[in-house]
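Inside the fold
The primary structure of each chain is shown beneath.
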Amino acid sequence: MFVKKLVEKAAKKPGGGSSEGLRANDVEPRVVLHYGIPSGAHLFAYDPVQKILAVSTKDGRIKLFGKDQTQALLVSEEASISKFLEFVQNQGILLNVNSKNQIEVWDLEKKLMSHVHVFTSEITSLRVMQHTPYFYVGDSSGNVSVLKIDQDSNQVIQMDYTIPYLASNGSPVESSDDTSVVSILPQPTSETKRILLVFGSGFMTLWDIKESKPVLKTGGKQEAKKATCACWVCPSGSKVSVGYSNGDILIWSMTESSSIVCKLNLGYKAEKTPITSLKWVYAEGKASRVYVTGSSSNSLQVVLLNDQTEVKMVKLGLHVSEPCLGMEIKQDSLLVLGKSGRVYSYDDYMIEKYLIQSQSKSPPSLPKESVVKLPCSDSSSVTVGKFLTNSSHLLNLSDDDYAQLARDTASFLPSQTVSKEGSRSAHFPGFTKVKNVYITGHSDGSIGVWDMSCPFLVPVLFLKDQQADHDTSSRGASALTALHFDSNSRLLVSGDQNGMVRLYRFKPEPYLTENSFIPFQGISKKGNNHIVHSVKYIKLTGSITCIQKSQNSKHLAVGSDQGHVSLVDIEEATVLYTKHIASDICPGITSLQFESCSVQGFEKNVLVVAMRDSSVFALDSDTGNMIGTNMIKPKKPFKALFMQILDGKQDSSANGESIVEDVSTRQPSVLLCSEKAIYIYSLSQVVQGVKKILHKKKFTSPSICSASTFYGASGVGLTLVFSDGTVEIRSLPELSLLKQISIRGFTYSSPKQNSLPEITISASWDGDLVMVNGENELIVSSVLPQKETFRLVEPLSRVYKKEYAVCHDGVIASSSKEKKGMFGSVFKTKSKRAADTETTESTKEETTEELSKIFSTANFPWNNNVERSRESNTVTTKVDDEEELDIDDIDIEDDDDHQQQQQEQPKEQGILSGISKKKLANKFTSFKGKLKQMTTAKNEKSVVVTNEEKHEEKSGATVDQIKKKYGFASSEEMGAAKMAQSKLQDNLKKLQGISLKTTEMEDTAKSFASTAKELLNAVEFNKQSSKS
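The structure presented is a predicted model; accordingly, all values stated were derived computationally and were not measured. (Residues numbered from 1 in each chain as written. Predicted model: local features only at pLDDT ≥ 70, side-chain atom pairs only at ≥ 80, totals over all residues. Heavy atoms only, no water.)

Here the focus is the overall build of the chain. A tally of regular secondary structure across the chain gives 16 helices and 55 strands. Counting the 1028 residues in the chain, one finds 55% classified as buried. Within the chain, contacts between residues separated by at least 24 positions form 57% of all contacts whose residues are at least 6 apart in sequence. Surface summary for the chain: the accessible area is close to 45,100 Å², and the carbon and sulfur share equals 49%. (Helix = DSSP H or I, 4+ residues; strand = E, 2+ residues; numbered from the N terminus. Buried < 20%, exposed > 50% of the residue type's maximum accessible area, 1.4 Å probe, protein only. Contact = heavy atoms within 4.5 Å. Areas by Shrake-Rupley, 256 points an atom, 1.4 Å probe, with all protein chains shown as cover.)

The following block contains the structure:
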């Protein structure tokens, strides 16, 4: 007998010809859709040109919301919280700074991360110089670095231009000073010429970029408070608002007087609440205003800023439901991010109207707060769901129809074009006539039906109990706890917490098209007459936990949380019998399933029951009597989640690791999944009350929160979702692990007793999972490879419109400064933009070239922050080791030649970096074959190298002057070039004689030290001059 088993087992191993079942290459678990606000939302950013809102999270995800229902999710390799988030507007680039001081560059068109730049210091501020490839980074030491995004590769390049703390502040650092740069603000109308630096100490410097020196210093050292944030509050850049750690908000003049203009008393100082965010909106008609939020404060203040603000301050206080983390103005909506990750919306037009008319005799009402929710959770939360997929559906609607529907349907975030009240649904041909249908049961007892053929929810049917002939007072608005849909009989059954079961019978499909567009809100039973045929009611005991229809009869089995199993006649809507099952641990019924099997030689219809305490047994479905003598129970029971009868047609020995006899696996079996274990029993043994485990798998931590089966091309599989977001795909019945993934941001907590779950998970027959996380987030995963779960996936995930960027290229669009007031002229604005476009396009290239010259020059050679940053990026930027040094690095220009040197000097110069032997050797090697021709002249001060070098483009060289040549300013540099050429010729294989060069560079370093000392003296002299 033993030999026979071995022969049978070996015959079914792979290659034996009879191997079947699910294999690893038959599954590909993946997330195919993320819809809504991700959990752990932490930070906002907005592109006013492309109208893209970015929401970053605490775990390295960034959600993008675009126009026309477009959404996309970016997932970083680093699961780190975002510190700063900013768009390069209209260019399809998003910069994200995480807690590890890594600068991530995201390509929005490809939805991929292009580059990660590791910054050596702690980043305390970030600011993009819009309409240029440059951005500023401020650190905790008070230094400001300039970086460039390469247009072709999106790589971040460290520029030579820096603003050291000593140069901008002009005084030595004291131990008590907060030197961190908290805000970098390009000055309005002079964005490429001057920037305002605000330090934690309260000191402010208006910095001239071209002259590389401060033109105004103000703020001084603020006692007992630190600056936390700042924003311009004047279109000409003459006033700035600064928030402080003690709740103060001061408006400073940035003119020669540099004094405090006024102080905004908004109540934050009374509680010493630090100001965390200031946002200014410019509008005509004296409607300019500033928005203020405080740390851990529920209060959001809006202040009207005009000529009368100093005399009489007009303000509006909005009490948000929770502390605010951030805010953003998106078109005509004020979006506020709460501490819990929820997003709240206010009508910004109503805010402006209130501020302007608040002093009138009939002031308007206060703007109302609305919570941004999933469409399926707008009226009430989802408590249970069913996801139906149809592989052979008819294309009743074309892709163009769905694309138009996406434009007409209300967007997830508030929009100025479509309101939710005006949203309409598409014609619904039937449950089996569209690709995907999502049925939701809600906390108020209602049912929503949604067309999910595309990556957004289209409402098609809304069912709400409005029967007056039933005792609604006893039932109340009970939450739905169970749903069952049978497409063959066109029956939808719901059960709620009060034991009420509703049976909805639908008319034959396809449904009529007279009412092809039905308003989603306020649908009455009369409005559903073309779909709903009849509704019947049955009252049972306890909260309904599961519903199952028999395929061979017109009966319905219903289980409750009190251990009652009821058999219902569907046509008559009557209860045939109710069986109460007692349990010492937990009496609730988890699953019910009808089956036919042989009992003592007779074919019998049985009802297999799984209880919450993991007990399994069978009832005679006709009488309700227990067939076996005992219940099947595990030794250590856990809460049961799922039960399914496997028909046994799939081969359990696909991987040759079956541990049971072949005859047993070909017969039907019972799959039971609990939070910590999976069991597979023989169905015939379960019916007889005999415990015989065919397969089992136990888990320690984390626990399982959802289990479901799916049917693939080669067999049946099991999908397990764990509480930490891990998703495992296992084969049946041997339970071997095929593949697994992890859904970042997904965490499941078991609901408390008598409370509803925060997360609902619905599974389709082919392995798609729909996970609704509260009111904010919906995630869909798929398991079968090459399965297109949705239509229009690519168009509806394309948040960045490149063609739109081309059409608007050159138009300077600022979100706040171009926002018009109630009485502003929109037509005037448009004509002004058209006029600006002509001049902007012509000057944009010139500005970029001029900035390239400035930022490619080491304006403070004694500052080595640039070099340290480059050294830290040797891994991410592979070419830096070879192209970081230049022959120019081994010499110092004379004072007389300083101006000419700035014009001709190549970029990526690190002057002190020439001391490094290793870098010098690498540079010598890289120059091999590049120095083709060198000419000298007695009265000339330049050497021309005619070789097009690729690294010049990366370092931001100007197109005409630096791209194809290097300029050298002294005869000493000519000698340096000759020395380099001589070294290359004499040391092609072995780099010898480096020590000679190193010695020379050490002498040069001493000269640099002298130069730095002279510069320091000059700075001190300027400081004394300014004081006098």
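There's more to say after this.
Once that is clear, we can look at the pairing of strand β7 (residues 93-98). Among the six residues that make up β7, six are buried, leaving the element largely enclosed by the rest of the structure. Along β7, one buried face is formed by Ile93, Leu95 and Val97 and the opposite face, lined by Leu94, Asn96 and Asn98, is buried too. Two strands pair when backbone bridges link them, and strand β6 (residues 82-88) and β7 are joined in this way by six bridges, in the antiparallel orientation. Across the sheet, residue Ser82 finds its bridge partner in β7, namely Asn98. Between β6 and β7, which pair antiparallel and follow one another directly, the connecting turn spans four residues, one of which, Asn90, has a positive phi of 65 degrees. Bridge count for β7 against strand β8 (residues 102-107) is five bridges, and the pairing is antiparallel. If you follow Leu95 over to β8, its bridge partner there is Val105. Connecting the antiparallel pair β7 and β8 is a turn made up of three residues, with Asn101 showing a positive phi of about 60 degrees. (Pairing = 2+ DSSP bridges.)

What follows deals with the pattern of salt bridges. For the structure on display, the rule yields 25 salt bridges. The salt bridge partner of Lys802 is Glu109, with a shortest N-O separation of 3.9 Å. With Lys802 in helix α8 (residues 802-807) and Glu109 in the loop between β8 and β9 (112-118), the pair connects residues that are 693 residues apart, well separated along the chain. We classify Lys802 as partly exposed; its relative accessible area is 45%. Glu109 gets classed as partly exposed once you look at its relative accessible area, which sits at 39%. In this structure, the salt-bridge partner of Asp768 is Lys787, at a minimum N-O distance of 2.7 Å. (Salt bridge = Lys/Arg side-chain N within 4 Å of Asp/Glu carboxyl O.)

What follows is about the environment of Val568. Mapping Val568 onto the fold places it in strand β40 (residues 564-569). Separated by eleven residues in the primary sequence, Val568 and Ala557 place their C-alpha atoms 6.3 Å from one another. In this structure Val568 touches Ile538, Lys554, His555, Leu556, Val558, Thr574 and Val575, once residues within four positions along its chain are discounted.

Another point: the packing of aromatic side chains. Scanning all chains against the criterion turns up 13 aromatic pairs. Between Tyr35 and Phe412 the ring centres are 5.6 Å apart and the planes differ by 70 degrees, which places this aromatic pair in the edge-to-face class. Of this pair, Tyr35 sits in strand β1 (residues 30-36) while Phe412 sits in the loop between α4 (399-408) and β31 (436-442), placing them 377 residues apart in sequence. Phe412 carries the same exposure label as Tyr35, and that label is buried. The interplanar angle of 15 degrees and the centroid separation of 5.7 Å between the aromatic rings of Phe65 and Phe412 together place this pair among those described as stacked. Of the two residues, Phe65 is situated in strand β4 (residues 61-65) and Phe412 in the loop between α4 and β31; the sequence distance between them amounts to 347 residues. (Phe/Tyr/Trp six-rings, centres within 6.5 Å; stacked < 30°, edge-to-face > 60°.)

Moving on: the sheet that holds strand β51 (residues 726-731). By way of backbone hydrogen bonds, the strands of a sheet pair with one another, either parallel or antiparallel. An order of β49-β50-β51-β52 is seen for the four strands of this open sheet, with the pairing classed as antiparallel. The two strands at the open ends of the sheet, each matched to only one other strand, are β49 (704-711) and β52 (737-742). Between one strand axis and the next, the sheet turns through 20 degrees on average, direction left out of account. Relative to β51, strand β50 (residues 716-722) runs antiparallel, the two sharing five bridges. Each residue of the ladder has a partner; that of Thr719, found in β51, is Ile729. (Axes fitted to C-alpha atoms, helices over the stretch in contact; angles between N-to-C directions.)

Along α4, the residues classified as buried are Tyr402, Leu405 and Ala406. Projected onto a plane normal to the axis of α4, the buried residues spread over an arc of 105 degrees and lie on a single side. Contacts made by the buried residues of α4 are with β32 (447-451) and β33 (458-463). (Arc of directions from axis to C-beta.)

The next thing to look at is the sheet that holds strand β14 (residues 181-186). A sheet is described by the order of its strands in space; here four strands give the open sequence β14-β15-β16-β17, paired in antiparallel fashion. At either margin of the open sheet sits one strand with a lone partner, and together these are β14 and β17 (213-218). In this sheet, adjacent strand axes meet at a mean angle of 20 degrees when their direction is disregarded. In this sheet, β17 lies alongside strand β16 (residues 204-208) in antiparallel orientation, the contact comprising five bridges. By the bridge assignment for β17, Met204 is matched with Thr218.

What you tend to see is this: most non-glycine residues have negative phi, and most peptide bonds are trans. Pro702 follows Ser701 through a cis peptide bond whose omega is -5 degrees. Pro733 follows Leu732 through a cis peptide bond whose omega is 5 degrees. Relative to the helices and strands, Pro733 is located in the loop between β51 and β52. Unusually for a residue other than glycine, Asn90 sits at a positive phi of about 65 degrees. Secondary-structure assignment places Asn90 in the loop between β6 and β7. One non-glycine residue, Leu735, lies in the positive phi region at around 65 degrees. Mapped onto the secondary structure, Leu735 falls in the loop between β51 and β52.

Overall, the prediction assigns the chain a mean pLDDT of 78, with 71% of residues at 70 or greater. Predicted confidence for residues 1-19 stays below pLDDT 50, and this span has 20 contacts to residues more than four positions away or in other chains. Predicted confidence for residues 988-993 stays below pLDDT 50, and this span has six contacts to residues more than four positions away or in other chains. (pLDDT = per-residue confidence, 0-100.)

A surface patch of like charges, here positive, comprises Lys635, Lys636, Lys691, Lys696 and Lys698. Along the chain, the position of Lys635 falls in the loop between β44 (616-620) and β45 (640-646). Look at Lys635 and you get exposed, because its relative accessible area is 83%. (Patch = residues over 30% accessible without salt bridge, like charges linked within 9 Å, V, L, I, M, F, W, Y side chains within 5 Å. Lys, Arg positive; Asp, Glu negative; His and termini not counted. Charge placed at Lys NZ, Arg CZ, Asp CG, Glu CD.)

Another point: the nonpolar core. With 57 residues, the main nonpolar core has Phe428, Phe431, Tyr438, Ile439, Met452, Phe506 and Leu778 as its most contacted residues. Setting aside anything within four residues of it in sequence, one finds Phe428 in contact with Val434, Val437, Val449, Val460, Tyr511 and Ile531. Counting 23 residues, the second-largest nonpolar core is a separate cluster that includes Ala167, Val181, Phe203 and Leu851. (Core = buried A, V, L, I, M, F, W, Y, C linked by side-chain atoms within 4.5 Å.)

All right, on to the pairing of β1 then. Most of β1 is tucked away, with five of its seven residues classed as buried. Relative to strand β55 (residues 777-782), β1 runs antiparallel, the two being bridged by six bridges. Counterpart to Leu33 in the pairing with β55 is Val780.

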